[in-house]
Amino acid sequence: MLSRELQDEVLALDEVDKLELLRLLLSEPAMSKYAFDPMGLRGNYEIASKLMELMEEEKSKSVSSIE
């Protein structure tokens, strides 16, 4: 069981830090089975890799357009 102090600290995190904590926990092998995976990317590394490339391209385009 989590200590009340730890729960309070987690709940006090801002949205960005909560998301980072969630990503960290879901990357933990023991917790990965609980990760939401509607597209089945966890088991298909080729498709996951391609999707990551596309996301990076979109991210760089949006950063370029802001500048």
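On a predicted model such as this, the values are computed, not experimentally measured, just so you know.

## Let's talk about a negative patch on the surface
In step 1: The grouping of Asp14, Glu15, Asp17 and Glu20 at the surface amounts to a negative patch.
In step 2: Along the chain, glutamate 15 falls in helix H2 (residues 15-27).

## As for the pattern of salt bridges
In step 1: A complete count under the given rule lists 2 salt bridges for this structure.
In step 2: A salt bridge links aspartate 8 to arginine 4, with the nearest nitrogen and oxygen atoms 3.6 Å apart. Of this pair, aspartate 8 and arginine 4 both sit in helix H1 (residues 4-12), 4 residues apart, which is roughly one turn of the helix.
In step 3: According to the relative accessible area criterion, arginine 4 is exposed, its value standing at 58%.

## Here's the deal with the confidence of the model for the chain
In step 1: With 84% of its residues at a pLDDT of 70 or more, the chain has an overall mean of 81.
In step 2: By mean pLDDT, helix H3 (residues 45-66) is the weakest element of the chain at 81, and H1 is the strongest at 92.

Calculation rules
Residues numbered from 1 in each chain as written. Predicted model: local features only at pLDDT ≥ 70, side-chain atom pairs only at ≥ 80, totals over all residues. Heavy atoms only, no water. Patch = residues over 30% accessible without salt bridge, like charges linked within 9 Å, V, L, I, M, F, W, Y side chains within 5 Å. Areas by Shrake-Rupley, 256 points an atom, 1.4 Å probe, with all protein chains shown as cover. Salt bridge = Lys/Arg side-chain N within 4 Å of Asp/Glu carboxyl O. Lys, Arg positive; Asp, Glu negative; His and termini not counted. Charge placed at Lys NZ, Arg CZ, Asp CG, Glu CD. Helix = DSSP H or I, 4+ residues; strand = E, 2+ residues; numbered from the N terminus. Buried < 20%, exposed > 50% of the residue type's maximum accessible area, 1.4 Å probe, protein only. pLDDT = per-residue confidence, 0-100.

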